[in-house]
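Descriptive structure summary
Single-letter residue listing:
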Amino acid sequence: MKASGFIIVYITAGDEAEARKLAGILLENKKAACVNIIPKVASLYRWQGRIEDNTESLLIIKTRAALLDDIATLVKASHSYETPEIIAVPVIGGSPDYLAWLDKETT
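First things first, this report covers the structure right here in the doc. Remember, predicted model here, so these are calculated numbers, not experimental data. (Residues numbered from 1 in each chain as written. Predicted model: local features only at pLDDT ≥ 70, side-chain atom pairs only at ≥ 80, totals over all residues. Heavy atoms only, no water.)

Overview of the pairing of strand E1 (residues 6-13)
The element E1 is extensively covered by neighbouring structure, given that seven of its eight residues are classed as buried. Across five bridges, the pairing between E1 and strand E4 (residues 86-90) is antiparallel. Bridging from a neighbouring strand, isoleucine 11 pairs with isoleucine 86 of E4. (Buried < 20%, exposed > 50% of the residue type's maximum accessible area, 1.4 Å probe, protein only. Helix = DSSP H or I, 4+ residues; strand = E, 2+ residues; numbered from the N terminus. Pairing = 2+ DSSP bridges.)

A closer look at the layout of surface pockets
One simple way to see leftover space: roll a probe sized like a water molecule over the atoms. As a volume, the largest pocket reaches approximately 260 Å³. For the largest pocket, the full set of lining residues is Thr12, Ser43, Tyr45, Arg46, Trp47, Asn54, Glu56, Tyr81, Glu82, Thr83 and Glu85. Those elements that provide at least two residues to the lining of the largest pocket are strand E2 (34-47) and strand E3 (50-64). Looking at the lining of the largest pocket, the element that brings in the most residues is E2, giving four residues. Broken down by class, the residue content of the lining of the largest pocket amounts to three nonpolar, four polar and four charged. (1 Å grid on protein atoms, 1.4 Å probe; cavity = no way out; pocket = protein on both sides within 12 Å on 5 of 7 lines; lining within 4 Å. Points joined across faces, edges and corners; volume = space filled by probe spheres on them. Nonpolar A, V, L, I, M, F, W, Y, C, P; charged D, E, K, R; others polar.)

These values are about where atoms sit, not about what they do.
Written out as structure tokens, the structure reads:
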């Protein structure tokens, strides 16, 4: 089944506690139907002219594309990072039952 209108959003957080806090905010506000948290990912990146090597937690958020701006606003208001990673990719297909559930659980 085609899944136009749905996205997966990736957000990194400083640790698992922050990731759980952000997930709770998104779920409570019905901006996400499901959030997976990978508690420890190695993140190497350039920041302010230096190469950084840190451990972060990764949120994988299932939602509707129309909610991306709301998600960004909520995350930026509660995130510890100056410039949090908020990246969305389209869902091109999926289980009809799952996608119907995703649509029902988000506003």
